[in-house]
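# Examining the three-dimensional arrangement
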Amino acid sequence: MIELGKYNTLRIDHSAEQGLYLQGDETTGDILMPRRYVTPEMHIGDEVRVFIYLDQDERLIATTETPLATVGEFAFLRVAWTNKYGAFLSWGLMKDLFCPFREQKQPMLRGKGYIVYVKEDEESHRLMATAKVERYLTAASEQGENRLYHGDAVDCLIWQKTDLGFKAIVTPADSNSPTRLYYQGQLYDNQIFQQLHTGDRVTAYVDHVRQDGKIDLTLQPTGHRHTLDFAETLLRYLHENGGRCDLGDNSEPELIYDRFKVSKKAYKRAIGDLYRRHLIVITDDGIVLV
C-alpha cells in the first residue's frame, strides 16, 4: 500500500521521456519519478526508496529529496510565501507545504519560522501543516506499554519559551515503533546551561512524568550511573590538574557547566561519591586529591 507523505520502497517499472515510472498499487497505478531525480545507477527492476507527495496538479510524485518532516512528525518550518488562503512553508521539497488559515494559531508571516505538525487532510487528502500541535500530543504515562521511566533518553524539539523555561515536543530516543508517540515536555531555567531557541533539536532525559501526562526534563543524564560516570571524569581531571579543582559547593552553576558540562547538582553528587570513597578532601576553595 502506498503511503502518501512518507517514504516508500518501490520497484522501477519502465522509463519515459519525463522520468521513471515506479510500480504503485491497484489504487494509484504507476507513480512518476521526474527525470531530475534519476541517477545513472537506477535501472529497470531496481528498488528505490522515495518520498511520495502530490504535485501542483494533485498527481502522485516520487522524489529522492528529503523533506524536513513526514506525515505524523513535527518540525520547525519557515514561511516561504503567503496568499489569501494561507501560508506555504519550505520543507525541503520543490512544492511548499500548505498551512491554511484555519490551522494557524496566529497569522503566519513570510520569513518567520513556526513549529508545525504534518498531516494528510481528511477531506481533500492533500498534505498540509497545522500549527495547532497540541491536539497531536499524547499524555505520557509511567504505566502500560508506552511508559517512560526516570532517566530515559528522549529526542526534543524545542517548542516555545515560557516563564519557567522552554516547552518541548518529546519522543523516545530509541523508539522502533512505526507510529511514534509525541509528548509535551518542560525544561526548567535552572536546568538549562546552554542557549536554546525554538526549533532546536536536543537530547534530554526524563526527570519526572507528571499526573497531567506532561514530562519534566533535564538536559543532563540522571541517576546513579551518571553520578559514577562523572565521578570518574572528575577524578581524572584532578589527576591531570595537580590534584586540585577550584570549584566547590559555593561555585556558580554556570562556572561548573562551562568546565564540565554538567549541572551543579550532578557535580555535588560526584563530589559526595569521591568523598565517601576517601579519594578527596573538601576545602573552602574547592576539592583536593587525598
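Bear in mind the structure is a predicted one, so any value in this text is a computation, not a measurement.

Per the stated rule, a full pass over the model turns up 18 salt bridges. Residue E58 is joined to K95 by a salt bridge in which the shortest nitrogen-to-oxygen separation is 4.0 Å. You can see E58 sitting in the loop between β4 (47-54) and β5 (60-63) and its partner K95 sitting in the loop between β7 (86-90) and β8 (97-100), a full 37 residues away along the chain. We note a salt bridge from R210 to D216, for which the minimum N-O separation is 3.2 Å. Residue classification places R210 among the partly exposed positions, given a relative accessible area of 24%.

To continue, consider the pairing of β4. A regular strand carries its side chains on alternate faces of the sheet. Counting buried residues along β4, 6 of its 8 residues qualify, which places the element largely inside the surrounding structure. Bridge count between strand β1 (residues 7-16) and β4: 5 bridges; the pairing is antiparallel. For N8, the partnering residue across the bridge sits in β4 and is V50. Once β4 ends, the chain turns through 5 residues before running back antiparallel as β5, passing E58 with a positive phi of about 65°.

Before going further, it helps to spend a moment on the sheet that holds strand β14 (residues 201-209). The 5 strands lie next to each other as β11-β12-β13-β15-β14, forming a closed barrel whose pairing is mixed. The sheet shows a mean angle of 50° between the axes of neighbouring strands, taken without regard to direction. The pairing of strand β11 (residues 153-161) with strand β12 (residues 165-172) spans 7 bridges and is antiparallel. Bridge pairing in β12 links K161 to F166.

What counts, and where the lines are drawn
Residues numbered from 1 in each chain as written. Predicted model: local features only at pLDDT ≥ 70, side-chain atom pairs only at ≥ 80, totals over all residues. Heavy atoms only, no water. Salt bridge = Lys/Arg side-chain N within 4 Å of Asp/Glu carboxyl O. Helix = DSSP H or I, 4+ residues; strand = E, 2+ residues; numbered from the N terminus. Buried < 20%, exposed > 50% of the residue type's maximum accessible area, 1.4 Å probe, protein only. Pairing = 2+ DSSP bridges. Axes fitted to C-alpha atoms, helices over the stretch in contact; angles between N-to-C directions.

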